[in-house]
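Descriptive structure summary
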Amino acid sequence: MKTIRIVHGPNLNLLGEREPGIYGTTTLADIDAALRTHATDAGFAFDAMQSNHEGQIIDYLHEHRHATDIYLINPGGLTHTSVALRDCIAAIRVPTIEVHLSDVDNREAFRRVNLIRDVCVASFAGRGAGSYDDALAHAIALLAPDATTRRPEPI
């Protein structure tokens, strides 16, 4: 059985209460439950984790790299600051899809710096929890038996 894992970065544990005008009122538990149902209904194993610690996220990606067919990642603020996370995604060579609730390209100038996107196979943003739905649908399509997934080239 193919495995899809989702990684949620810093502050995403506060979804539903954190700036609902930007991030909506859906909780992280709600998002994970919907994704789990969709993934398992499509015949995939699914796992989700959230951490506010960059190193813990990198350790998780390293630890599960040989038991994961595709990652979905919402790196949160690490998108704009973490060369280490970018290098990790490139190094593990597991296809990774970037996800953001808000449209980071049309927010504050510092959020327009994206260190993650170029090492991902796709990026979905700006549709709230719907961005996760789009990313999962894309992951499932990439993992379908007749699809070919592109593994990022190592840096």
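Here's what I pulled together on the structure shown here. Just so it is clear, the model here is predicted, and its values are computed rather than measured.

1. Focus on the overall build of the protein chain
A tally of regular secondary structure across the protein chain gives five helices and five strands. Whereas a compact globule of 155 residues would reach a radius of gyration of roughly 15 Å, the protein chain reaches 14 Å, a difference of no more than 12%. By its C-alpha atoms, the protein chain is 40 × 35 × 25 Å across when sized along the principal axes. With 155 residues in all, the protein chain has 46% of them scored as buried. The long-range fraction of contacts in the protein chain, counting pairs at least 24 apart against all pairs at least 6 apart in sequence, stands at 76%. Summing over all exposed atoms, the protein chain offers an accessible surface of approximately 7300 Å²; the carbon and sulfur share of this is 50%. In the protein chain, the 14 positive side-chain charges and the 20 negative ones have mean positions that sit 4 Å from each other.

2. Section: the environment of T27
Structurally, T27 is set in the loop between α1 (20–23) and α2 (28–41). On a C-alpha basis, the gap between T27 and P10 in space is 14 Å, while along the polypeptide they are 17 residues apart. Apart from the residues within four sequence positions on either side, T27 is in contact with L15 and G16. In this structure the side chain of T27 is engaged in a polar contact, spanning 3.0 Å, whose partner is the side chain of D30.

3. What to know about the pattern of salt bridges
Counted according to the given criterion, the structure contains seven salt bridges. The residue R117 makes a salt bridge to D105 at a minimum N-O spacing of 3.3 Å. Note that R117 is positioned in the loop between β4 (96–100) and β5 (122–125) and D105 in the loop between β4 and β5, a separation of twelve residues in sequence. Ionic pairing is found between R127 and D134, a salt bridge with its closest N-O pair at 2.7 Å. Shared partners join several salt bridges into a network, and the residues in it are R86, D87 and D118.

4. Observations concerning the nonpolar core
The biggest cluster of nonpolar side chains holds 25 residues, and the ones touching the most others in it are I4, L72, I97 and Y132. Secondary-structure elements contributing two or more residues to this core are β1 (3–8), α2, β3 (70–74), β4, β5 and α5 (129–143). A per-element tally of this core places α5 first, with seven residues.

5. Thoughts on the environment of G16
Assignment of secondary structure puts G16 in the loop between β1 and α1. Using a relative accessible area of 27% as the deciding quantity, one classes G16 as partly exposed. Note: C-alpha distance between G16 and T26 (ten residues apart in sequence) is 4.9 Å.

6. Points about the sheet that holds β1
Within a sheet, adjacent strands bond to each other through the backbone by hydrogen bonds, running parallel or antiparallel. The five strands are arranged β2-β1-β3-β4-β5 in an open sheet whose pairing can be described as parallel. Unpaired on one side and paired on the other, β2 (45–50) and β5 mark the two borders of the sheet. Within this sheet the neighbouring strands show an average axis-to-axis angle of 15°, counted without direction. Alignment of β1 against β2, held across six bridges, turns out to be parallel. When the sheet's bridge partners are listed, H8 is paired in β2 with Q50.

Thresholds, definitions, all that
Residues numbered from 1 in each chain as written. Predicted model: local features only at pLDDT ≥ 70, side-chain atom pairs only at ≥ 80, totals over all residues. Heavy atoms only, no water. Helix = DSSP H or I, 4+ residues; strand = E, 2+ residues; numbered from the N terminus. Rg over C-alpha atoms; globule rule 2.2 N^0.38 Å. Buried < 20%, exposed > 50% of the residue type's maximum accessible area, 1.4 Å probe, protein only. Contact = heavy atoms within 4.5 Å. Areas by Shrake-Rupley, 256 points an atom, 1.4 Å probe, with all protein chains shown as cover. Lys, Arg positive; Asp, Glu negative; His and termini not counted. Charge placed at Lys NZ, Arg CZ, Asp CG, Glu CD. Polar contact = N/O pair within 3.5 Å; in protein donor to acceptor, adjacent residues only side chain to side chain. Salt bridge = Lys/Arg side-chain N within 4 Å of Asp/Glu carboxyl O. Core = buried A, V, L, I, M, F, W, Y, C linked by side-chain atoms within 4.5 Å. Pairing = 2+ DSSP bridges. Axes fitted to C-alpha atoms, helices over the stretch in contact; angles between N-to-C directions.

In short, geometric facts, not functional conclusions.
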